[in-house]
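# Residue-level structure breakdown
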Amino acid sequence: VDGPMELLMGEGKEVRQLIEQLGSPRGPDMAAALIRDMLPSTMSPELRREFMQRAGSTAPHVLASTLEATLDPALWAKDPIQAPTLMVNAAQPVWTKDYEARMRALIPELDYRLLPNTAHFVMLDPPDRFNGMLMEFCQRWSHLDLPGGG
């Protein structure tokens, strides 16, 4: 999962305005500015430039439709997840104990982690810390014969 398991930002006027702005000719510049503020300070200048270039070259209709798709109520159905799941979030106020409890109720085999001193892109800040957690999780569950596994 990349992002929350619940609709956190609401469906109000502000979100609709953001969707409209992202879909305008200024959308790529807005996306680049939003992403720039989410990048970890430890990111190399080369990778930072690549992120910014990609954000700035995304078509406005793609930016807008990506955010608009998150407003689909079907996306937020409370269908239980019956597979081992690793959830890693930056330690931010939005990820409350109540949110964790709701996720644990939804996902019985949840490995829930909050990373302190981390920016939005937890897999990049720093990558070795995230990769280590991911490898540990995969090794712990490697004995399972999961659907779609190789």
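Described below are features of the structure shown in this document. (Residues numbered from 1 in each chain as written. Predicted model: local features only at pLDDT ≥ 70, side-chain atom pairs only at ≥ 80, totals over all residues. Heavy atoms only, no water.)

## Section: the pairing of strand 1 (residues 85-90)
Convention followed: Whether a residue is buried, partly exposed or exposed follows from its accessible area with a 1.4 Å probe, protein chains only, as a fraction of its type maximum: under 20%, in between, or over 50%, in that order. Counting from the N terminus, the helices are DSSP H or I runs at least four residues long and the strands are E runs at least two residues long. Only when DSSP finds a minimum of two bridges between them are two strands counted as paired. The handedness rule is simple: strands pointing away from the viewer, and a clockwise path from the first strand over the helix to the second, make the crossover right-handed.
Of all six residues in strand 1, six are buried; the element is thus mostly enclosed. Burial along strand 1 is two-sided: Thr85, Met87 and Asn89 facing one way and Leu86, Val88 and Ala90 facing the other are all buried. Across six bridges, strand 1 lies against strand 2 (residues 110-115) in parallel orientation. By the bridge assignment for strand 2, Ala90 is matched with Leu115. For the crossover that starts at strand 1, traverses helix 5 (residues 97-106) and ends in the parallel strand 2, the hand is right-handed.

## Description of unusual backbone geometry
A positive phi is found at Asn117, a non-glycine position, where the angle reads about 55 degrees. As for its placement among the helices and strands, Asn117 is situated in the loop between strand 2 and helix 6 (127-141). Taking relative accessible area as the criterion, Asn117 reaches 74% and is therefore assigned exposed.

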